[in-house]
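Residue-level structural notes
Take a look at the letters that make up each chain.
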Amino acid sequence: MRTASLVTLFAGSLALSACAHDPAPDPQPTVTDGPEQTPVEADNPLFTTSTLQYQAPDFAAIELSHFRPAFERGMAEQTAEIEAIASSEEPASFENTLVAMERSGDLIERTASVFFSLTGTVSTEELRALQSELAPLLSAHADSITLNPKLFARVEAVYQAREPLVGEDKRLAEEIYARFVRAGAQLDEPAKAEIRQINSELSQLTTEFSQNLLAASTSGAVIVEDVAELAGLSDADIKGLAAAATEAGHEGKYLINLLNTTRQPVLSSLENRALRQRVWEASAQRGVADNGPALLRIVELRAAKAKLLGYPTWAAYVLEEQMAKTPDAVLKILDDLAPKAAAKAKAEAKQIQQAIKRDKAKAGGNFEVQAWDWAYYAEKVRAKQFELDEAEIRAYFELESVLQNGVFFTMGKLYGIRFEERTDLPVYHPDVRTFEVFEEDGTSIGLFYADYYAREGKRGGAWMGAIVPQSRLLERKPVIVNVLNIPKPAKGEPTLLTFAEATTMFHEMGHGVHGLFSDALYPSLAGTSVPRDYVEFPSQFEEDWLIDPIVISNVAKHYQTGEPIPKPLLDKLLASRKFNQGFDSLEYLGAALLDMEWHLIASGAEITDAQAFEDQALAKHGVDYAPVPPRYKSTYFAHTFAGGYSAGYYAYLWTEVLAADAFAFMGTQGGLTRANGDKFRELILSKGNTVDPMAQYVSYRGQEPTVDALLVRRGLVK
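Residues numbered from 1 in each chain as written. Predicted model: local features only at pLDDT ≥ 70, side-chain atom pairs only at ≥ 80, totals over all residues. Heavy atoms only, no water.

Below, the discussion takes up the pattern of salt bridges. Across all of its chains, the model carries 46 salt bridges by this definition. In this structure, R68 engages E133 in a salt bridge whose closest nitrogen and oxygen atoms are separated by 3.2 Å. With R68 in helix α2 (residues 64-86) and E133 in helix α5 (residues 125-146), this residue pair connects regions lying 65 residues apart in the sequence. The exposure class assigned to R68 is buried, which follows from its relative accessible area of 10%. Among the ionic pairs, D431 bridges to K488, the shortest N-O distance being 2.8 Å. (Salt bridge = Lys/Arg side-chain N within 4 Å of Asp/Glu carboxyl O. Helix = DSSP H or I, 4+ residues; strand = E, 2+ residues; numbered from the N terminus. Buried < 20%, exposed > 50% of the residue type's maximum accessible area, 1.4 Å probe, protein only.)

Below, the structure written as structure tokens:
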């Protein structure tokens, strides 16, 4: 997943996702612009641009106490910059309005980039409290820009006179005008006041949702006292659970941390059915008490905001600027796929039921498959059908080999780049690694941080972030981070990945090169600042390189002997990739349809029971199948209630159409070649939002995509 930076400066305006409030901590020294400063201010590394390479943050020097003064000064500075633009007596021009806005807000952008990187990766109680306190302030600051009538008058004047503009200049004028209008710039003052109030409350609620989820995932972690209950796990896995328990203060026990989805990885291996149920229920019940009321209020506020802005629903508002354009277009693709996925999942359930029947002596009797049984018995079916052992497969996918011989190797073959590790730059956690990225001729492109291990205080899932976004206008090269949540093994043990984890590393690098190869003039149009249903295209495209014969033969080597994976085992692994696709597809569709249904609620509708609404929504679309619950239930659906994917979770499927079509096309052009990579880089990865996304795709592919390759990719047709 690519996370929109929680702070996106567009046209000088700060657009934040999710924040909340707690009682304000003790006041900090007042920030002033004069020469006299308190010691905290004088030593604040955020006040000046980092002198490290490419403005990489000096994490070793940055302390919690630095953030509030930097945010306060940053807001004050940008307010003054925006007021100067809005009050200028010169006629509005592209340079004195839009370009000036693009240059504004340097301090607040720098501060927010570092701050929100840390809230996602090394969150502490103090950091969360500060995040909650800042949320309404940052929301109000953003509104003070986008709802400024004098500023909008100048933006509108530039937009109306845009015809002489070309290329990125014209694109910027159109995008910024649209964003101001969508923020409410054309509303009257009473409506603007309502928008401000809604935005403030939403910022609080979405952060509250996120923080509740982090707390619920931590408190819901399953503690196991008897190692016998962990039968089915490898010795290395058990050591890892013991180390996690010790780190969390449960010496002598075993701790199963919860990852972000409903399905938990350990469920595929645990023999103890009672423990499987316990783990699944701990996952599925997260956030029910705290996030149920929060999400209902979020939905209510979003619907009210959409109505104020002239849209029937929040989904209609969101989708207007996406490739899909309308809710009907999204529902069509989801509903077209749902019956195929449901039928395939139910066919898979019959195989699983047979496996349960064969296993009844060990399990203590026959039973109907439940959600906590599926992964365990699916693995048995897969093992029997393909004669596969997950532990045997993992031995050939050691993390360092996947990174160096897989991800970096592929990026070199396609794009001619190389990654050189740097140990001289400070990082925010000891597990984080830093690499400088070079062109084939030795030109430095930017920096890449790899943060792969799960830990307390780190939110679940995987994502990419731009710590320093690229911009030619601001003479900035990119500093990019990839974040995953791979369970960390006990000290001295190798990090052996599942095939899915290895695929996720390729996925996130797809986002990574989208940021690294950005070649945009204006920061608002750079890198991954593209529609939500386009941003996952490069990442999903990169996934399939793992199974390219050249790549996988370079990656899949035994971590102890260095011997390549035996061809029969590799053939069975590749053949098994389409196994369980009914489950995977139905699980995803359940979440995507839930997201859409929540955001198709019109303003004024009364929803009082989140679970009842969820049940009805799944039944409406024929995806209510108890053994295959949604990938995310509503109360821990952070993508839609705390992230940037509201009415947008469908994007993974939408962009998979593009990715499958593009990858199949590249296969007809010679596959893993530098010529193919250079073309994809030039026409897709470098463009950011400087060109309309579908125009980008057609320029690369020669036509709009079809779903044919997707159906094959997912194994839904032969």
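That shown, we press on.
Next up on the list: unusual backbone geometry. The phi dihedral of E387 falls on the positive side, at around 55°, and the residue is not glycine. Given a relative accessible area of 58%, E387 falls into the exposed group. Located in the positive-phi region is N580, a residue other than glycine, with phi close to 70°. Relative to the helices and strands, N580 is located in the loop between α21 (567-575) and α22 (581-598).

Time to look at the nonpolar core. In this structure, L230, L334, F397, F537, F541 and W598 are the most contacted members of the largest nonpolar core, which totals 165 residues. If you tally residues by element for this core, the top one is helix α13 (residues 327-358), at 13 residues. In terms of nonpolar packing, the next biggest core, distinct from the first, is built from 33 residues, L46, Y54, L425 and V481 among them. (Core = buried A, V, L, I, M, F, W, Y, C linked by side-chain atoms within 4.5 Å.)

Taking 1.5 Å per residue, 13 residues should reach 18 Å; helix α9 (residues 235-247) reaches 18 Å between its end C-alpha atoms and fits that length. Among all positions of α9, only I238, G240, L241, A244 and A245 are buried. The buried residues of α9 occupy an angular sector of 155° when the element is viewed end-on, so they sit on one face. Facing away from the buried side of α9 by over 90 degrees, the exposed positions are D235 and E247. Looking at the buried residues of α9, the elements they touch are β4 (254-256). (Expected span 1.5 Å × (residues − 1). Arc of directions from axis to C-beta. Contact = heavy atoms within 4.5 Å.)

This part takes up the environment of T690. Positionally, T690 belongs in the loop between α26 (674-685) and α27 (693-701). When neighbours within four sequence positions are excluded, T690 is seen to be in contact with E168, R171, A520 and L525. Within polar-contact distance, the side chain of T690 engages the backbone oxygen of K687 at 2.6 Å. (Polar contact = N/O pair within 3.5 Å; in protein donor to acceptor, adjacent residues only side chain to side chain.)

Turning next to the pairing of strand β8 (residues 463-468). Judged by how many residues are buried, β8 sits mostly within the fold: 5 of 6 residues are covered. By the bridge criterion, 5 bridges tie β8 to strand β9 (residues 479-486) in an arrangement that is antiparallel. Across the sheet, M464 pairs through a bridge with N482, a residue of β9. (Pairing = 2+ DSSP bridges.)

Following both chains from N to C, one finds α26 and α27 inclined at 160°, their axes separated by 9 Å at the closest point. Judged by the angle between their axes, α26 and α27 are roughly antiparallel. As α26 packs across α27, the resulting crossing turns out to be right-handed. Together, K679, F680, L683 and I684 of α26 and Q696, Y697, S699 and Y700 of α27 make up the contact between the two elements. Among the residues forming the contact of α26 with α27, the class breakdown is 5 nonpolar, 2 polar and 1 charged. (Axes fitted to C-alpha atoms, helices over the stretch in contact; angles between N-to-C directions. Parallel < 35°, antiparallel > 145°, perpendicular 65-115°, else oblique. Left-handed = near helix turned anticlockwise from the far one by under 90°. Nonpolar A, V, L, I, M, F, W, Y, C, P; charged D, E, K, R; others polar.)

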